[in-house]
Amino acid sequence: MMIAKIMCGAPNGWFDEASLKDASISIGVDRGALVLVNQGIIPDIAIGDFDSIGECDYQKIQQLCSKVIKLPCEKNETDTEVAIEYAISLGVTEIYIYGAMGGRIDHTLANIRLLLQFSEAKVRIFIVDQTNSLCLLSRGDHKFLRPAHQYISFFAFETTVKGLTLRGLKYPLTNYELTQGDIRCISNEVLADKFSLSFDEGYLLMVNSRD
């Protein structure tokens, strides 16, 4: 399994230092690259237009990182979007994105919507902070190990989720139709070492969280 860890630059963005060090490939995105190098962690790749940092900090990144991809400031894609595309091109099977929530709300929403953009890429993508982990699933059967946090919630994203079945959770479901306005699937809990779910249609946002 090849895992990419991506660090974005949201203010006070949390990241798992030990996990980043163990990544198959680590990517610092714009200010996120500076956050890493300032913590003594040198990402394998730094990507961004770097318009959120000064010239001295950019030179520091250039000196320490073996590969820097400088993007134009005026472009259609976000820096994070390009970083995800790059990671997928390397053949990774999972992507964990840190520092993508907690700053500007438009950036947070854009990063969550990126989960939909790449939902058919056959790569599991997680947006992670200190108390939450988000993952968007497309139709099919999905199996997971016990997550890090106590609560697990599910929301229909963009479209109605049809045929939703939850197994191994405190509150199971069978063949349920979850609409976008339905919050029945909030604050569930995992009972065993693993759980599974399946659905026939739509996109399901899975949120693992703690107080």
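Owing to the predicted nature of the structure, the values given are computational and were not obtained by experimental measurement.

Calculation rules
Residues numbered from 1 in each chain as written. Predicted model: local features only at pLDDT ≥ 70, side-chain atom pairs only at ≥ 80, totals over all residues. Heavy atoms only, no water. pLDDT = per-residue confidence, 0-100. Helix = DSSP H or I, 4+ residues; strand = E, 2+ residues; numbered from the N terminus. Polar contact = N/O pair within 3.5 Å; in protein donor to acceptor, adjacent residues only side chain to side chain. Contact = heavy atoms within 4.5 Å. Buried < 20%, exposed > 50% of the residue type's maximum accessible area, 1.4 Å probe, protein only. Expected span 1.5 Å × (residues − 1). Arc of directions from axis to C-beta.

Engineer: What is the right way to look at the confidence of the model for the protein chain in this model?
Structural biologist: Low pLDDT marks stretches whose predicted atomic positions should not be read closely. In this model, the protein chain carries an average pLDDT of 93, and 100% of its residues clear a pLDDT of 70 or more. Within the protein chain, the lowest mean pLDDT, 74, falls on helix H1 (residues 17-21), and the highest, 98, falls on strand E9 (residues 161-167).

Engineer: What exactly am I supposed to notice about the side chain of Ser-119 here?
Structural biologist: Looking at the element boundaries, Ser-119 is found in the loop between helix H5 (105-117) and strand E6 (124-128). Among the polar contacts listed, one links the side chain of Ser-119 to the backbone oxygen of Leu-116, at a separation of 2.8 Å. Once you skip the residues sitting within four places of it in the chain, Ser-119 turns out to touch Leu-136, Ser-138 and Tyr-203.

Engineer: What exactly am I supposed to notice about the environment of Leu-116 here?
Structural biologist: Along the chain, Leu-116 falls in helix H5. Between the alpha carbons of Leu-116 and Phe-157 there is a distance of 8.4 Å; along the sequence they are 41 residues apart. Not counting chain neighbours up to four residues away, the residues in contact with Leu-116 comprise Leu-136, Phe-157, Glu-158 and Tyr-203.

Engineer: Got a minute to help me understand the side chain of Ser-153 in this structure?
Structural biologist: Considering the arrangement of structural elements, one finds Ser-153 in strand E8 (residues 151-156). The exposure class of Ser-153 is buried, given its relative accessible area of 5%. Here the side chain of Ser-153 touches Ser-187 through a polar contact of 2.7 Å, landing on its backbone nitrogen. When residues no more than four places from it in sequence are discounted, the contact partners of Ser-153 are Cys-185, Ile-186, Ser-187, Leu-205, Met-206 and Val-207.

Engineer: Explanation requested: H5 in the structure shown.
Structural biologist: The end-to-end C-alpha distance of H5, which contains 13 residues, comes to 18 Å, matching closely the 18 Å that a straight helix rising 1.5 Å per residue would cover. For H5, the complete set of buried residues consists of Thr-108, Asn-111, Ile-112, Leu-114 and Leu-115. Viewed along the axis of H5, the buried residues span an arc of 140°, placing them on a single side of the element. Each element contacted by the buried residues of H5 is listed here: helix H4 (79-89), E6, strand E7 (132-145) and strand E12 (194-209).

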